[in-house]
Amino acid sequence: MLSWTEARDKVIEIVRARKPRRRRRETASLERALGRVLAAPAVADRDSPAFARAIRDGFAVRAADTEPAPAVLAIAGEVRAGAAFSGAIGPSQAVRIMTGAPVPDGADAVVMVEHTRLEGDGRVAIERAARPGQHIVARAAEARCGDRLLEPGARIGFAELALLSQVGCSAVKVFRQPRVAVLATGDEIVPPDCQPGPFEIRDTNSACIAAQARIAGARPVPFGRAADQAETLGERVREALEAEVDVLVLSGGVSMGKYDLVEDVLRGLGAEFFFDAVAIRPGRPAVFGWCRNRPVFGLPGNPVSAMVTFELLVVPALDLLAGAGPRPLPLVQARLDAPLEEKGELTHFLPAQLGWTPAGLVARPVRWRGSGDLAGLAQSNGFLVVPPEKLSWQAGESIQALLRRDLL
Ligand code: AMP
Ligand code: MG
């Protein structure tokens, strides 16, 4: 059985090798580009800054005139952001300057207003000698006109939106988002807005998987629920395969039960499988295959199993299909605040509450009753990663934890 890292690497290897060479592009406004993947480089359309820019409020001076300090200079005028000083600064002169304004010709330093004193007769005392270049960002120091500032494949976050705005890229070329068919299986499953029969349960996986897909930057396409019956399940899967989707994510029906039919049904539709178990708990029966030109994932039906396997295995596939590289998992080290004892040759993902303290990250395992326990899970914001090599832990030890991205 593959370890979770091997299974994840397998997904990355297969999706990278088999995904369509060309991905469709579209244009998104800045308002809609958050979380999308850039399909064309962002190129500086002017030098940045486009002029030598003051980064403090104060006085533009010739540094040589400020020595020895204090030096008293004549105020020759003022320059504010968005304007320019006409002419050049002469010997023993200073120009009042605001943050963001262009530094007047002849000046080579800005003295912070805090280090000056107005003399009241049109002169200013500079109380500290200035260093040439001080509080000035030279023209093009950040970027030159024509520089590529972001490459295709970059994920657009808030900082990238700022940079795209800076270079005037208001219509952003992005790759089309991967479309994720979401299909829940199980005779016992009813939609969340229905009253379940005595032995039925509400479908929690569809909403969760759709949310995880969206957080990963993909577009979920709901395919509802299918019963544990080969014909109807096959019908539903075929429908999904015929739709315009890039990946199929099913939940339930992948364990060893008599009515766990997902693998058989997919095989009947021509699927090839790369693994059908991963050495993790929860999530062991997770299945990954390829069917009619697209990846298919059969996630275990237990809600927490589905969540964990989606994060570990499906997210990197979505990243690659989106035209980006697989993002790293948000794994951190945390100090365990209670002892732990697990069993089995598996990596355990245990819900935990992670807290940021002045002494670092602290992890407290939450009480939960296994991979169906959503109420217990709701007390957590991440998972402890307990590897098979070390199943026994003391309070105070440093343990690996997987953060939940949506709660960061
Ligand atoms: P399975 O993987 O089909 O054997 O399902 C494992 C457990 O997860 C069973 O207790 C199911 O009732 C439950 N389950 C399966 N699918 C869902 C779903 N969509 N929402 C909530 N629970 C589910
Ligand atoms: Mg089932």
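It should be noted that the structure appears before, not after, this text.
Here the structure is a predicted model, which is why all the values come from computation and not from measurement.

Conventions we followed
- Residues numbered from 1 in each chain as written.
- Chains lettered and ligands numbered in written order.
- Predicted model: local features only at pLDDT ≥ 70, side-chain atom pairs only at ≥ 80, totals over all residues.
- Heavy atoms only, no water.
- Near = heavy atom within 4 Å.
- Polar contact = N/O pair within 3.5 Å; in protein donor to acceptor, adjacent residues only side chain to side chain.
- Areas by Shrake-Rupley, 256 points an atom, 1.4 Å probe, with all protein chains shown as cover.
- Helix = DSSP H or I, 4+ residues; strand = E, 2+ residues; numbered from the N terminus.
- Nonpolar A, V, L, I, M, F, W, Y, C, P; charged D, E, K, R; others polar.
- Expected span 1.5 Å × (residues − 1).
- Buried < 20%, exposed > 50% of the residue type's maximum accessible area, 1.4 Å probe, protein only.
- Arc of directions from axis to C-beta.
- Salt bridge = Lys/Arg side-chain N within 4 Å of Asp/Glu carboxyl O.

S.K.: How would you sum up the site of ligand 1? Please name residues and give values.
M.R.: Residues in contact with ligand 1 amount to 18 residues; listed here are only the nearest, E188, D203, T204, G253 and G301. One of the side-chain N or O atoms of E188 is found 2.5 Å from an oxygen atom in ligand 1. Side-chain polar atom of S255 to an oxygen atom of ligand 1: 3.4 Å apart, as the coordinates give it. Burial of ligand 1 by the protein amounts to 79% of the accessible area it has alone, namely 480 Å². Going through the elements one at a time, β13 (179-185) and β15 (201-202) are the ones with two or more residues in the shell around ligand 1. A per-class count over the shell around ligand 1 returns 5 nonpolar, 9 polar and 4 charged.

S.K.: Give me the lowdown on helix α4 (residues 230-242), citing residues and values where you can.
M.R.: Along an α-helix, residues three or four apart share an orientation, since each turn contains 3.6 residues. Between its first and last C-alpha atoms α4 spans 18 Å; for 13 residues at 1.5 Å apiece the expected length is 18 Å, and the two agree. Listing the buried residues of α4 in full gives L233, G234, V237, A240 and L241. Across the axial projection of α4, the buried residues extend over an arc of 125°, all falling on one side. Exposed residues pointing more than 90 degrees away from the buried face of α4 are listed as E231 and E242.

S.K.: Give a detailed account of the pattern of salt bridges, specifying residues and quantitative values.
M.R.: This model, assessed by the stated rule, comprises 23 salt bridges. For the salt bridge of R327 with D319, the shortest nitrogen-to-oxygen distance reads 2.6 Å. The closest approach of N and O atoms between D406 and R404, which form a salt bridge, is 3.1 Å. Through salt bridges with shared partners, a single network forms among R24, R176 and E244.

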